[in-house]
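What follows is each chain in one-letter form.
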Amino acid sequence: MDSAIETEDLHLFPQRPECILALIEDPERYESLVGFPAAPGLREFFVSDEVSSEWLASLRTPADADPWRFGFAVVHRESRAVVGSGGFKGPPDAEGMVEIAYGIVPTFQLRGFATQVAAALTAHAMENDSVRIVRAHTMPEPNPSNSVLKKCGFSNMGEVVDPDDGLVWRWEKVVSP
């Protein structure tokens, strides 16, 4: 799981920890490391209260790109800018479940890019023999992420309390045998 993923409009490149740190701490340096400029709003994905302090600390431990831990930079082919991020909340667990997460900056939303990212992450995860279920969580109310997950073949499993996010709707897609 270390190669780029291609979609109709996007390239998903595995993120290296030092690139994410540069985006957070020295955004001007980010473009020189990644080779693409960050679209306005990208940095906010990584400095919000929704990002765990443990994950941020893990960026300071020397490591190569690891999509299970650090995800992918989402590059828009036409603009050649990093317009989002997508990845997993860790490697598959003992039951073969992996959770996806993704985001597109506001100026590039409502163009189908989140759906492309979610579908690509799901397909990428399902290529791994240990993955049995791909999961995602959304706010427990109708929103664009619900539509994205429905388009990608996920089923709403109902409300659950996530230890990090509180009350959410759980969405799952089971790998076909």
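Note that residues are indexed from 1 along each chain, following the sequence as it is written. Confidence filtering applies because this is a predicted model: local features only for residues at pLDDT of at least 70, side-chain atom pairs given and counted only at 80 or more, and all residues used for totals across whole chains, interfaces and linings. Hydrogens and waters are ignored; side-chain quantities use all the structure's heavy atoms.

A. Representation of the nonpolar core. Throughout, nonpolar core names a set of buried Ala, Val, Leu, Ile, Met, Phe, Trp, Tyr and Cys residues whose side chains join them through atoms within 4.5 Å. To sort residues, take the accessible area from a 1.4 Å probe on protein chains only and compare it with the maximum for the residue type: under 20% means buried, over 50% means exposed, and anything in between is partly exposed. Judged by nonpolar contacts, the single largest core of 44 residues is most densely connected at Leu12, Val83, Phe88, Ile100 and Phe154. Helix and strand assignments come from DSSP, with helices taken as H or I runs of at least 4 residues and strands as E runs of at least 2, each series counted from the N terminus. It is helix H6 (residues 113–126) that contributes the most residues to this core, six residues altogether. When sequence neighbours within four positions are dropped, the list of residues in contact with Leu12 reads Ala4, Ile5, Thr7, Phe72, Ala73, Val74, Val117, Ala120 and Leu121. Note on definitions: a residue-residue contact is assigned when non-hydrogen atoms from the two residues lie within 4.5 Å.

B. Just unusual backbone geometry, in detail. Unlike most non-glycine residues, Arg80 shows phi in positive territory, near 60°. Phi at Leu110 is positive, roughly 65°, even though this residue is not glycine. With respect to the secondary-structure elements, Leu110 resides in the loop between strand E5 (97–104) and H6.

C. Inspection of the side chain of His76 at higher detail. Tracing the backbone shows His76 in strand E3 (residues 72–76). Judged by relative accessible area, which is 8%, His76 ranks as buried. One polar contact links His76 to Ser79, side chain to side chain, over a distance of 3.0 Å. Dropping the residues within four chain positions of it, His76 is found in contact with Asp9, Leu10, Ala81, Val83, Phe108 and Phe113. We define a polar contact as two N or O atoms separated by no more than 3.5 Å, with the added condition that, inside protein, one atom must be a possible hydrogen donor and the other a possible acceptor, whereas residues neighbouring each other in sequence contribute only through side-chain atom pairs.

D. Expanded view of the packing of helix H1 (residues 17–25) against helix H2 (residues 27–34). Note on method: axes are straight lines fitted to C-alpha atoms, helices fitted across the in-contact stretch only, with angles between N-to-C directions ranging 0 to 180 degrees. Between H1 and H2, the shortest axis-to-axis distance is 6 Å and the interhelical angle comes to 150°. Regarding the angle of H1 to H2, the classification is roughly antiparallel. Two packed elements cross with a definite hand, and for H1 against H2 that hand is left-handed. In this structure, H1 contributes Glu18, Cys19, Ala22, Leu23 and Glu25 to the contact, and H2 contributes Pro27, Arg29, Tyr30, Leu33 and Val34. Asp, Glu, Lys and Arg are counted as charged, while Ala, Val, Leu, Ile, Met, Phe, Trp, Tyr, Cys and Pro are counted as nonpolar; the rest, among them Gly, fall into the polar class. Class assignment for the residues of the contact of H1 with H2 results in seven nonpolar, no polar and three charged. Oblique is the label for any angle not covered by the other classes, which are roughly parallel (under 35 degrees), roughly antiparallel (over 145) and roughly perpendicular (65 to 115). Crossing handedness follows the turn of the near helix against the far one: under a right angle anticlockwise gives a left-handed crossing, and clockwise gives a right-handed one.

E. Focus on the environment of Glu141. Residue position: Glu141 is located in the loop between strand E6 (133–138) and helix H7 (144–151). Those residues in contact with Glu141, other than ones at most four positions away along the chain, are Asn146 and Trp169.

F. Here's a closer look at the sheet that holds strand E7 (residues 155–162). Pairs of strands are assigned from DSSP output, requiring at least two bridges between the strands. One open sheet accounts for eight strands, arranged E1-E2-E3-E4-E5-E6-E8-E7; its pairing is mixed. Each edge of the open sheet is held by one strand with a lone partner, namely strand E1 (5–6) and E7. Bridge count for E7 against strand E8 (residues 166–174) is seven bridges, and the pairing is antiparallel. Following the sheet pairing, Glu159 is matched in E8 by Trp169.

G. Just the packing of aromatic side chains, in detail. Only Phe, Tyr and Trp rings take part, Trp by its six-membered ring, and two of them pair if their centres are within 6.5 Å. Stacked means planes under 30 degrees apart, edge-to-face means over 60, and tilted covers everything else. One pass over the structure, following the stated rule, counts five aromatic pairs. Plain terms: the ring middles of Phe13 and Phe36 are 5.9 Å apart, the flat faces sit at 20° to each other, and that makes the pair stacked. Separated by 23 residues along the polypeptide, Phe13 in strand E2 (residues 10–14) and Phe36 in the loop between H2 and helix H3 (42–47) bring together distant segments of the chain. With relative accessibility at 31%, the residue Phe13 sits in the partly exposed group. Given the relative accessible area of 11%, Phe36 is considered buried. For the ring pair Phe46 and Trp55, a centre distance of 6.1 Å and an interplane angle of 20° mean the geometry is stacked.

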